[in-house]
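An overview of the molecular structure
Spelled out from the first residue to the last, the chains are:
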Amino acid sequence: MSPFNLETCARPNILALQPYRCARDDYKDDGTNVLLDANENAYGPSLDSTDVKGSTLGGLDPLGLHRYPDPHQPELKQLLCNLRNTHAHTPKTITPDNLFVGVGSDEAIDALLRCFCVPGKDRILTCPPTYGMYSVSAQVNDIDIVKVPLNAAPEFSLNVPAITDALTHEPNIKLAYFCSPGNPTGALLAKDDIKQILNHPTWNGVVVLDEAYIDFAPEDASLAELVAEYPNLVVMQTLSKAFGMAGIRLGAAFTSAPIARMLNSMKAPYNIASPTSAFAQYALGDKGLSVMRSNRAKIVSQRERLIQELPRIEGVGRLRGGTASNFMLYEILNADGKPDNATAVAVYEKLAEQKGVVVRFRGKEHGCLGCLRITVGTEDEVTRFLESLRNTLVEVRGST
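Residues numbered from 1 in each chain as written. Predicted model: local features only at pLDDT ≥ 70, side-chain atom pairs only at ≥ 80, totals over all residues. Heavy atoms only, no water.

**Some remarks on the sheet that holds strand β13 (residues 371–375)**
Quick note on the threshold: DSSP bridges decide pairing: two strands pair if at least two such bridges lie between them. Here a helix means four or more residues in a row that DSSP labels H or I, a strand means two or more in a row labelled E, and each is numbered from the N terminus.
Strand order in the open sheet formed by 4 strands is β9-β10-β13-β12, and the pairing between neighbours is antiparallel. In the strand order of this sheet, the two ends are held by β9 (316–319) and β12 (360–361), each with one partner. Sheet topology places β12 next to β13; 2 bridges connect them, and they run antiparallel. Directly across from Phe361, in β13, lies its bridge partner Leu372.

**Here we look at the pairing of strand β8 (residues 250–255)**
Our working rule: Working definition: with a 1.4 Å probe on protein chains only, accessible area under 20% of the residue-type maximum means buried, over 50% means exposed, and in between means partly exposed.
In terms of burial, β8 is largely enclosed, as 6 of its 6 residues are buried. In β8, alternate side chains face the same way, and those of Leu250, Ala252 and Phe254 on one face and Gly251, Ala253 and Thr255 on the other are all buried. The pairing of strand β2 (residues 99–103) with β8 spans 5 bridges and is antiparallel. Bridge assignment links Gly102 to a residue of β8, and that residue is Gly251.

**Considerations on the environment of Tyr134**
Put simply, the rule is: By the convention used here, residues are in contact when the closest approach between their heavy atoms is within 4.5 Å.
In this structure, Tyr134 sits in helix α6 (residues 133–140). Residue classification places Tyr134 among the buried positions, given a relative accessible area of 1%. For Tyr134 and Tyr177, which are 43 residues apart along the polypeptide, the C-alpha to C-alpha distance reads 7.5 Å. Setting aside anything within four residues of it in sequence, one finds Tyr134 in contact with Ile109, Ile124, Thr126, Tyr177, Phe178, Cys179, Asp210 and Met236.

**Considerations on the pattern of salt bridges**
To be explicit about the condition: The working definition used for a salt bridge is a side-chain nitrogen of Lys or Arg within 4 Å of a carboxyl oxygen of Asp or Glu.
Applying the stated criterion to the full structure yields 12 salt bridges. For Asp122, the salt bridge identified is with Lys174, shortest N-O distance 3.1 Å. Taken together, the positions of Asp122 in the loop between α5 (104–116) and β3 (123–126) and Lys174 in strand β5 (residues 173–179) put the pair 52 residues apart, joining distant regions of the chain. One salt-bridge network, held together by shared partners, links Arg318, Arg320 and Glu331.

**Some points on the packing of α5 against α6**
Just so we agree on the cut-off: A fitted line through C-alpha atoms serves as each axis, taken over the contacting stretch for helices, and the angle formed by two N-to-C directions is quoted from 0 to 180°. Any angle that is under 35 degrees is reported as roughly parallel, and any over 145 degrees as roughly antiparallel; angles of 65 to 115 degrees are reported as roughly perpendicular and all others as oblique. With the far helix as reference, a near helix turned anticlockwise by less than a right angle produces a left-handed crossing, and one turned clockwise produces a right-handed crossing. Residue polarity follows a fixed list, in which Ala, Val, Leu, Ile, Met, Phe, Trp, Tyr, Cys and Pro are nonpolar, Asp, Glu, Lys and Arg are charged, and the others, Gly among them, are polar.
Put simply, α5 and α6 touch, their axes get as near as 10 Å, and they point 40 degrees apart. In terms of orientation, α5 and α6 fall into the oblique class. You can see that α5 and α6 cross each other, and the crossing is right-handed. Contact residues: Asp106, Ile109, Asp110 and Leu113 in α5; Met133, Tyr134, Ser137 and Ala138 in α6. The residue inventory of the contact of α5 with α6, partitioned by class, reads 5 nonpolar, 1 polar and 2 charged.

**Digging into the packing of helix α7 (residues 160–169) against helix α8 (residues 191–198)**
At a closest axis distance of 10 Å, the pairing of α7 and α8 adopts a crossing angle of 15 degrees. Taken as axis vectors, α7 and α8 run roughly parallel relative to one another. The two elements α7 and α8 meet at a crossing, and its hand is right-handed. From α7, Val160, Ile163 and Leu167 reach across to α8, where they touch Asp193, Gln196 and Ile197. Grouping the constituent residues of the contact of α7 with α8 by class yields 4 nonpolar, 1 polar and 1 charged.

**Some words on unusual backbone geometry**
Cis geometry is found at the peptide bond from Pro128 to Pro129, where omega equals 0 degrees. Here Pro129 shows up in the loop between β3 and α6. For the peptide bond that leads from Asn183 to Pro184, omega is 25 degrees, which places it in the cis range. Inspection of the secondary structure assignment puts Pro184 in the loop between β5 and α8. Phi angles above zero are rare outside glycine, and Gln73 is one such case at about 50 degrees.

**Looking at the environment of Ile248**
The residue Ile248 is located in the loop between β7 (233–238) and β8 in this model. A relative accessible area of 14% places Ile248 in the buried class.

**Concerning the sheet that holds strand β6 (residues 206–210)**
Strands sit in the order β2-β8-β7-β6-β5-β3-β4 across an open sheet of 7 strands; the sheet is mixed. Here the strands that pair on one side only, and so sit at the sheet edges, are β2 and β4 (144–147). When the angles between neighbouring strand axes are averaged without regard to direction, this sheet yields 25 degrees. Of the strand pairs in this sheet, β3 and β5 are connected by 4 bridges, and their pairing is parallel. In the strand pairing of β5, Leu125 is matched with Ala176.

**Observations concerning the state of the cysteines**
By definition, a disulfide links the sulfur atoms of two cysteines through a covalent bond. Quick reminder of the rule: Cysteine sulfur atoms are paired as a disulfide whenever they come within 2.5 Å of each other.
Evaluated as defined, the whole model comprises 0 disulfides. Cys115 forms no disulfide, and the closest cysteine sulfur to it belongs to Cys117, at a distance of 9.1 Å.

Coordinates in, geometry out; function isn't part of it.
Below, the structure written as C-alpha cells:
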C-alpha cells in the first residue's frame, strides 16, 4: 500500500482552508429564482443584440481559435486606459504599460501576494468588513493578515490613524487591500484617506485599491489614473459588474510600469482567451459603453427606488453602508425593533426557500449586525423582492 498521507503531504494552511462561499452554495437556481445575492448586473452584458447575432464582436473569428491568443493584449489595455484617463485626478496619462489583465480581479489579488509576500513571513493588511477573497488568497499563500476594522459610522470609512499606526509598528506588512466601493458596505472610500496612506513616511509597501463596483459610483470616482503619480498604488477593476460580463472573467490591475512588468512576467503565457478578449474589447468600445451606461441608469433608478421603499417596510432598519454600488446593506429588526442576526437569518432563509428570492446574509461581519446585502435587480425583480420581503418579515417577526 502506498505510504501517501494527504494530511502530512499537503501544506497545513491549505488543509485548513475554508473556500469562498456564496449564497448559491445553499440555494441553487432552478430558473425561477430572483438572484439578488452576488452583485451581478441583472440587465445583462454590454452587448448589442444585433452584433451578437451577426458574430461581429470585436472582429472575433471563430475559425481562428486554433491559434493562441495575444499574450500582451495591447488593444484591450488601450481601451481600458481610454476609459480611465479622465484627468480628474492628475494631468498625467496612463498607458498599456500600466496594466495587467487577468482572469477576473481574483488573479491579480493572488498574483500580488505571490509577487510581494514571502510565505510564512510577510503579511497583508485588510479592513473588515471586506471582500472575502483577500483572506482566502492570503491563506492559500501562507500569508498572515493584520486586520484594522473600518469605522462603522457614518459609512464604513477607513480608520486612517489605526492603519497608519499598524503600517508603522507591525512588521512585514507588504500589501494593504482596500475595497472602494466596499463589499459588503457599498461605501466609497475617501480619496484623501487613500492618499494619506500612500504618503506614509516609513512604510515600504503597496496600496491595493479594489474598484470592482466603481462604475456605479459618482462620475470620476475611479482613482485608476493615480497610478501615474504613485509608484506604490495598484487599482483593480473588473468587467463583471457594471459591464455585466461576469461570465468572461476579465479583470484589470492598473499600476506603475515596473509593478505591471512583474505581474505580467508571472502570469500564464496566454491567460486571456481570444473570445474573452473579443467580448471585452466590444464592451469597452462605443456600442458596448452605450449599452453599459443605459443598463447602469436602470440599476441606479432601481437603487433609488429601494432607498425610498425599504424604510417603509416594518422590520427594515437602517441603511448601514453607502449607495455607491449596485447593492445595499440593510438591517433587519426583530420584534423589539433591534437589529438581530437570528431574525435576519430567518428572513434570508425564508426568502430563498419559500419565495425564490436569494439575497445575502452578512450579519457576522464587523459592524453588520442583523444585515442583509441586497443586489439591485431589474424593475420586476425589485418588485418581487419588496413584496416577498414585506410578507416574510410579517411571518418571521410574528413568530418570535
